[in-house]
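Survey of secondary and tertiary structure
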Amino acid sequence: MGKIIRKLSRGGKYDESVEAFKGLDKFGVTKDAMAMNLLMDALAKENTVELAYEVFCEFKDCTSLNIRTFNILIDGWCKARKLEDAGSTMDEMKKHGFLPNVISYACFIEHYCHEKDFRKVDEILKEMQENGCKPNAVTYTIAMHALGKAKQINKALEVYAKMKSDGCLPDAKFIAH
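Keep in mind that what you see is a predicted model, and the values were worked out from it rather than measured.

1. Quick look at the UniProt feature "repeat: PPR" (unreviewed entry) in the protein
Following the UniProt record, the feature "repeat: PPR" (unreviewed entry) maps to residues 66-100, 101-135 and 136-170 here. Segment residues 101-135 splits into 74% helix and 0% strand. End C-alpha atoms: 9 Å apart.

2. As for the packing of helix α3 (residues 33-45) against helix α5 (residues 67-79)
Where α3 contacts α5, the axes come no closer than 10 Å and their chain directions differ by 5°. Relative to α5, α3 is oriented roughly parallel. Facing α3, whose interface residues are Met36, Asn37, Met40, Asp41 and Ala44, α5 presents Arg68, Thr69, Ile72, Leu73 and Gly76. Of the residues contributing to the contact of α3 with α5, the split by class is 5 nonpolar, 3 polar and 2 charged.

3. Thoughts on the packing of aromatic side chains
With the rule as written, the count across this model stands at 5 aromatic pairs. Measuring from ring centre to ring centre gives 5.5 Å for Phe56 and Phe70, while their planes differ by 70°; the resulting arrangement is edge-to-face. On the criterion of sequence distance, the pair formed by Phe56 in helix α4 (residues 49-59) and Phe70 in helix α5 is long-range, its members being 14 residues apart. Phe70 matches Phe56 in its accessibility class, with the two residues each being buried. Clustering of aromatic rings is evident, with ring pairs tying together Tyr53, Phe56, Phe70, Trp77 and Phe98.

4. Regarding α5
The first and last C-alpha atoms of α5 sit 18 Å apart over 13 residues, in line with the 18 Å expected at 1.5 Å per residue. Taken as a whole, α5 has its buried residues at Thr69, Phe70, Asn71, Ile72, Leu73, Ile74, Gly76, Trp77 and Cys78. For α5, the side-chain oxygen to backbone nitrogen distance between the N-cap and Arg68 is 3.1 Å, and the N-cap itself is Asn66. Arg81 lies just past α5 and shows a positive phi near 65°.

5. Thoughts on the confidence of the model for the protein
This prediction gives the protein a mean pLDDT of 92; 96% of its residues lie at or above 70. The weakest mean pLDDT in the protein belongs to helix α11 (residues 172-176) at 55; the strongest belongs to α5 at 98.

6. A short note on the side chain of Asn71
With respect to the helices and strands, Asn71 occurs in helix α5. The residues contacting Asn71, other than those within four sequence positions of it, are Met93, Asn101, Ile103, Ser104 and Cys107.

7. Considering the environment of Tyr105
By secondary structure assignment, the location of Tyr105 is in helix α7 (residues 102-114). Judged by relative accessible area, Tyr105 falls into the buried class, the value being 2%. Distance in space between the C-alpha atoms of Tyr105 and Asp75 is 9.4 Å, their sequence separation being 30 residues. The residues touching Tyr105, leaving out its near neighbours within four places in the chain, are Pro100, Ile124, Glu127, Met128, Asn131 and Cys133. Here Asn131 takes part through its side chain, which lies 2.9 Å from a polar atom of the side chain of Tyr105.

Quick notes on the rules
Residues numbered from 1 in each chain as written. Predicted model: local features only at pLDDT ≥ 70, side-chain atom pairs only at ≥ 80, totals over all residues. Heavy atoms only, no water. UniProt positions renumbered as here; feature names shortened; annotations may be inferred. Helix = DSSP H or I, 4+ residues; strand = E, 2+ residues; numbered from the N terminus. Axes fitted to C-alpha atoms, helices over the stretch in contact; angles between N-to-C directions. Parallel < 35°, antiparallel > 145°, perpendicular 65-115°, else oblique. Contact = heavy atoms within 4.5 Å. Nonpolar A, V, L, I, M, F, W, Y, C, P; charged D, E, K, R; others polar. Phe/Tyr/Trp six-rings, centres within 6.5 Å; stacked < 30°, edge-to-face > 60°. Buried < 20%, exposed > 50% of the residue type's maximum accessible area, 1.4 Å probe, protein only. Expected span 1.5 Å × (residues − 1). Polar contact = N/O pair within 3.5 Å; in protein donor to acceptor, adjacent residues only side chain to side chain. pLDDT = per-residue confidence, 0-100.

As structure tokens, then:
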């Protein structure tokens with residue numbers, strides 16, 4: 001069913017993918033967080049985060065939620081440049097008892113790097129640390145790569161030094177960049 005939902009979404013048949021999710025029971029598949037996340041992710045990846053949010057609103061009270069549910073929306077909102085909605089989703093995440101994790105923050109960092117707003121990137125990295133969420137190699141790599149593309153090599157080297165001082169080791173993606 002997951003493949004069907006993804007293929008329908010990729011083909012622009014968003015309503016049909018939602019209907020396939022609604023009909024999961026007919027095939028003996030439970031509408032759980034994993035199934036809902038699959039649908040929401042498929043919709044968000046096709047630039048229809050608004051529809052993914054509608055699915056969330058319709059099923060959040062009758063389906064279990066997890067942090068991935070919220071991160072799908074945060075990522076979709078950030079990619080759609082709707083940061084107010086991304087922030088509201090982060091607030092709702094907290095109301096449901098989930099603390100933002102490194103993925104939650106990385107969505108914002110990636111957005112601000114794309115916009116070359118490195119002051120905001122620094123603010124998000126600081127907020128992460130203040131909230132007890134340590135950046136990882138992926139987070140640092142996103143920032144360093146964007147700084148390098150913006151020809152801010154010294155700033156990229158500062159981020160690398162911070163990464164090392166935090167005891168974070170580079171991963172394969174870091175080495176490839």
